[in-house]
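# Topology and contacts: notes
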Amino acid sequence: MKNKVFFLISGILLPMFIAAGYCSAQTADSSIATQFIMLNDQGKYTEAAKLMSPSFLEMVTPGNLEKIWYYHVKPQGGFHEVVSVREMQQGKIYAVFPTCRFDKADVTFAFAFDDNHQIAGFHVDTVTPQTNAEAAPKAVYHPSGNTAEDSQKHN
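I will try to describe carefully the structure that is included in this document. Starting afresh in each chain, residues are numbered from 1 along the sequence in its written order. Restriction of local features to residues with pLDDT of at least 70 applies here, the model being predicted, together with a cutoff of 80 or more for giving and counting side-chain atom pairs; totals for whole chains, interfaces and linings are based on all residues. For the side-chain quantities, the full set of heavy atoms in the structure was used; hydrogens and water were omitted.

A few words on the sheet that holds strand β3 (residues 105-113). The criterion for strand pairing is that DSSP finds at least two bridges linking the strands in question. Secondary structure elements are taken from DSSP: a helix is a run of H or I of four residues or more, a strand is a run of E of two residues or more, and numbering for both begins at the N terminus. Overall, antiparallel pairing links the four strands, which are arranged β1-β2-β3-β4 in an open sheet. Pairing within the sheet leaves two strands with one partner each, and these edge strands are β1 (79-90) and β4 (119-129). The mean angle between the axes of side-by-side strands here comes to 20°, regardless of whether they run parallel or antiparallel. Pairing of β1 with strand β2 (residues 93-102), which is carried by ten bridges, proceeds in the antiparallel orientation. Paired with Val-82 across the bridge in β2 is Cys-100. To define axes, lines are fitted to C-alpha atoms, for helices over the stretch in contact only, and angles between the resulting N-to-C directions are given on a 0 to 180 degree scale.

The criterion for an aromatic pair is that two Phe, Tyr or Trp rings (for Trp, the six-membered ring) have centres within 6.5 Å, with stacked assigned to planes under 30 degrees apart, edge-to-face to planes over 60 apart and tilted to the rest. Enumeration over the complete set of coordinates arrives at ten aromatic pairs. Judged by centre distance (4.9 Å) and plane angle (70°), the rings of Phe-36 and Phe-122 are edge-to-face. Note that Phe-36 is positioned in helix α2 (residues 28-41) and Phe-122 in strand β4, a separation of 86 residues in sequence. Both residues of the pair, Phe-36 and Phe-122, belong to the buried class. Ring centres 5.1 Å apart and planes at 85° place the aromatic pair Tyr-70 and Tyr-71 in the edge-to-face group. What makes Tyr-70 exposed here is its relative accessible area of 54%. Joined through ring pairs, the aromatic side chains of Phe-36, Trp-69, Phe-79, Phe-102, Phe-109, Phe-111, Phe-113 and Phe-122 make up one cluster. Over the face of the ring belonging to Phe-97 we find Arg-86, whose NZ or CZ atom lies 4.7 Å from the ring centre. Throughout this description, buried means an accessible area under 20% of the type-specific maximum (1.4 Å probe, protein chains only), exposed means over 50%, and partly exposed covers the range between. Charge-over-ring contacts are defined here by two conditions on Lys NZ or Arg CZ: a distance within 6 Å of the ring centre and an angle within 35 degrees of the ring normal.

Written as structure tokens, this is what we have:
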């Protein structure tokens, strides 16, 4: 009987504990960052903006999100998955750095979160082209919404 109980504990409960530990390893902020990336990839900029803090929304509108995504991320192709997530905390600021696999590159984003688990800042940190893909042309985003190339066309 003892062997059956041990088998039950090790065969059923142990995998449940391991799964529970694995699921809780991802923080609320890293889940929000992933959701934000997926919404932007789907073109749902207004929905993505709902994850941002009011102070960040004063600086970055859903229209700005669309431009940022279009110039910095869209050239990398379609989103596939989050490959890894680094997290760190400094004082009250919590930062999340998800690296995502796209068709042509791995893109690492940087997110800052406030105390309410809202995005207080975000940017594209690094773009690492896949070895078999061409590097996408770099575009510089200006707060006016134009790229450096667009600015030169208008001069």
